[in-house]
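# Working through the structure, step by step
Chain residues, written in single-letter form:
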Amino acid sequence: MIRAVAVCCFALFTSPSFAAEKPAALTPKEIADGWLLLFDGESTFGWKIQGEAKVKDGVLELGNGKDRATATFTTSFADYDAVVEVQGPGQLNFVEAKGAGTACGIWGNANVFTIKCRCKPGGSTSGIKLKVGADQVSRSEVEEEVDGKTSLQLEAQVGGTVKLKSVKLKPMGTKPLFNGKDLSGWKVFAGDPKRAATKFEVTKDGELSARNGPGDLQTEKTFDNFVLQLECKTNGKWLNSGIFFRCIADQYQNGYECQIQNAYNGEDRTKPIDFGTGAIYRRVPARKVVSNDNEWFTLTLVADGKHFATWVNGYQTIDWTDDRPADENPRKGYRAEKGHLSIQGHDPTTDLLFRNIRIAELPTVE
């Protein structure tokens, strides 16, 4: 269970309503720093809605002023910072992996919550710190004990309506997988000479270069549940690559694939070619191609049991649950076992750069 450790006073404020404006967006610096938008300002993608909800003028309106309604984000994180801008009254809940939850704040009209959540892998820790209206005279601070990982939930109580303007979250606790100096911690797959054409090397600028193909560069360490973040640049038009994960040992790219492919049909970015960057290849396409060739972009992948989510430049591109029967081969069914990550050298046109590759493991909560 989640239980309160310390609760200080809270205050209600009266502020003007949210003005109609463009959907919330991240700054270039926030994108580079790994921040993610949990609400895109356009839809309820990534949220499980119970009750009534609508998106209007870049704002999510939850509840109808009569009945209780909730919006629960489907992806859980362990260590993170988050900023939530809302208009109430209502509640901000933290739902832990086992399904239990607690209300950690009550707001009046238009407050900004700054949240810091820290969870120790495999156990509980006092971790959530909530500040209400940091620019206001009064504040509310709450510390809670959480079990492993949590997702965020907004709640409109009976008789109320909650308006959500923005939610942005930065995964914390990531550790480098690439040191920018050499390929320590990585190995080139050499089990098939016909698939060993890619040249993987470190550039003078400390970037990981992958040229020519096919080829496969694999991590020595294995992972199952994690948050992976990296930056990538494709040096050419419509180049194809991917990040494989939960791969079977000693095999060539036999795992789930997070696709890298910036092509789309015509002028419509919602129609990706070959599934699109951020897709889980052959499983679920990206809902929009966000990144461009010849430009650096950020890619975030969350793998948590059967649930997978990706963001490109901080914009969520998939929210998918693998409901296939379990199978040790992810090409045939759901694979839960740990496996290495790998960077794909796709073909002779391959020419990509990677940098700032980092990962945070997520605890498995039974």
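With that settled, the discussion passes to the nonpolar core. Grouped together as the largest cluster of nonpolar side chains are 34 residues, with contacts concentrated most on F226, L228, I243, F245, I343, F354 and I357. Those residues within four positions of I243 in sequence are excluded, and the remaining contacts are L228, L230, Y256, E257, C258, I260, L299, S342, I343 and F354. Grouped together as the second largest cluster of nonpolar side chains are 31 residues, A71, V84, C117 and V167 included.

Under the counting rule described, the total for this entry stands at 13 aromatic pairs. Each ring, one from F73 and one from W311, has its centre 6.3 Å from the other, and the planes form 35°; the classification is tilted. Within this pair, whereas F73 is found in strand 6 (residues 69–73), its partner W311 is found in strand 24 (residues 307–312), the two being separated by 238 residues in sequence. Overall, F73 belongs to the buried group, its relative accessible area being 2%. Among the residues examined, W311 registers a relative accessible area of 0% and is labelled buried. Ring pairs connect the aromatic residues F223, F226, F245, Y256, F308 and W320, which therefore count as one cluster. When the ring centre of W35 is taken as origin, the NZ or CZ atom of K168, which lies over that ring, is 5.8 Å away. Note that K237 overlies the ring of W238, its terminal NZ or CZ placed 5.0 Å from the centroid.

Reported here for the largest pocket is a volume of approximately 450 Å³. For the largest pocket, the lining is made up of 21 residues, of which F244, Q253, E257, R282 and R331 are closest to its centre. Broken down by element, the lining of the largest pocket gets its largest block of residues, three residues, from strand 22 (residues 256–260). Across the lining of the largest pocket, the residue classes tally to six nonpolar, nine polar and six charged.

For the rest of this paragraph, the subject is the sheet that holds strand 26 (residues 339–345). In space, the five strands of this open sheet follow the order 16-19-26-21-22, with antiparallel pairing throughout. A single partner strand is all that each edge strand has here, and the edge strands are strand 16 (186–188) and strand 22. Between one strand axis and the next, the sheet turns by 20° as a mean value, whatever way the strands run. Judged from the five bridges that link them, strand 21 (residues 241–247) and strand 22 form a sheet pairing that is antiparallel. Its bridge partner lying in strand 22, G242 is registered against Q259.

This part is about the confidence of the model for the chain. Mean pLDDT for the chain: 85, with 81% of residues reaching 70 or above. Contacts of residues 1–16 to residues separated by more than four positions or lying in other chains number 47 contacts, the stretch itself having pLDDT below 50.

Relative to the helices and strands, K199 is located in strand 17 (residues 199–202). Taking the C-alpha atoms as reference points, K199 and P214, separated by 15 residues in sequence, lie 9.4 Å from one another. In contact with K199, other than residues within four places in its own chain, are S209, A210 and R211.

Analysis parameters
- Residues numbered from 1 in each chain as written.
- Predicted model: local features only at pLDDT ≥ 70, side-chain atom pairs only at ≥ 80, totals over all residues.
- Heavy atoms only, no water.
- Core = buried A, V, L, I, M, F, W, Y, C linked by side-chain atoms within 4.5 Å.
- Buried < 20%, exposed > 50% of the residue type's maximum accessible area, 1.4 Å probe, protein only.
- Contact = heavy atoms within 4.5 Å.
- Phe/Tyr/Trp six-rings, centres within 6.5 Å; stacked < 30°, edge-to-face > 60°.
- Helix = DSSP H or I, 4+ residues; strand = E, 2+ residues; numbered from the N terminus.
- Lys NZ or Arg CZ within 6 Å of the ring centre and 35° of its normal.
- 1 Å grid on protein atoms, 1.4 Å probe; cavity = no way out; pocket = protein on both sides within 12 Å on 5 of 7 lines; lining within 4 Å.
- Points joined across faces, edges and corners; volume = space filled by probe spheres on them.
- Nonpolar A, V, L, I, M, F, W, Y, C, P; charged D, E, K, R; others polar.
- Pairing = 2+ DSSP bridges.
- Axes fitted to C-alpha atoms, helices over the stretch in contact; angles between N-to-C directions.
- pLDDT = per-residue confidence, 0-100.

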